[in-house]
Amino acid sequence: MRMAKDLRISYLLDFYGDMLTETQREAVDAYYNQDMSLSEIAADRDISRQGVRDAIKRAEQQLLEMEERLGLAKRFRDLQDRLAVICDCALNIQELNSQNGQIPEIDENAASILTCAEEIAEKD
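An account of the accompanying structure is given in this report.

Rules of the game
- Residues numbered from 1 in each chain as written.
- Predicted model: local features only at pLDDT ≥ 70, side-chain atom pairs only at ≥ 80, totals over all residues.
- Heavy atoms only, no water.
- Phe/Tyr/Trp six-rings, centres within 6.5 Å; stacked < 30°, edge-to-face > 60°.
- Buried < 20%, exposed > 50% of the residue type's maximum accessible area, 1.4 Å probe, protein only.
- Axes fitted to C-alpha atoms, helices over the stretch in contact; angles between N-to-C directions.
- Helix = DSSP H or I, 4+ residues; strand = E, 2+ residues; numbered from the N terminus.
- Parallel < 35°, antiparallel > 145°, perpendicular 65-115°, else oblique.
- Contact = heavy atoms within 4.5 Å.
- Nonpolar A, V, L, I, M, F, W, Y, C, P; charged D, E, K, R; others polar.

## Here we look at the packing of aromatic side chains
Any pair of aromatic rings gets described here by the distance separating the centres and the angle formed by the planes.
Then step 1. Enumeration according to the criterion identifies four aromatic pairs in this entry.
Then step 2. Taking the centre distance of 5.1 Å and the plane angle of 90 degrees together, the rings of tyrosine 31 and tyrosine 32 count as edge-to-face. For the pair shown, tyrosine 31 and tyrosine 32 are each scored as buried.
Then step 3. An aromatic cluster of three or more residues is present, and its members are Tyr11, Phe15, Tyr16 and Phe76.

Here it is, written out as structure tokens:
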């Protein structure tokens, strides 16, 4: 019987993976990111299939608890969503400006907003 994959786990691994044991991190990475089966992971690491399953289940629980307490992944998604809105608004301002007189200061400010938003997105 195959475990059902919760794709949030792969995403949470990016944020909290370093807080797991090496065995847990490697098992979760192999299962979610490399799409290996429990049997393949067990054979690759010379441990039992049940040991792999237990490591993954413990890691999933820890990742979900860390996100519940810290909320880093949610904050990151929210920030990315807000940056997308900011960029869309700045592009709209540029488009409206080009249709209504092309005031250079408006274009410069909109371009500055886009640049700042892109720099923030790259840091995350």
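From this point on, the discussion continues.
## Some words on the packing of helix H2 (residues 22-33) against helix H4 (residues 49-70)
Then step 1. Interaxial distance between H2 and H4 falls to 9 Å at its minimum, and their mutual angle equals 95 degrees. Taken as axis vectors, H2 and H4 run roughly perpendicular relative to one another. Across the interface between the two elements, Gln24, Ala27, Val28, Tyr31 and Tyr32 of H2 pack against Ala55, Ile56, Arg58, Ala59, Glu60 and Gln62 of H4.
Then step 2. Looking at the contact of H2 with H4, its residues break down into seven nonpolar, two polar and two charged.

## Concerning the environment of leucine 114
Then step 1. Note that leucine 114 resides in helix H6 (residues 104-123).
Then step 2. Discounting residues that sit within four places of it in the chain, leucine 114 has contacts with Cys87, Ala90, Leu91 and Gln94.

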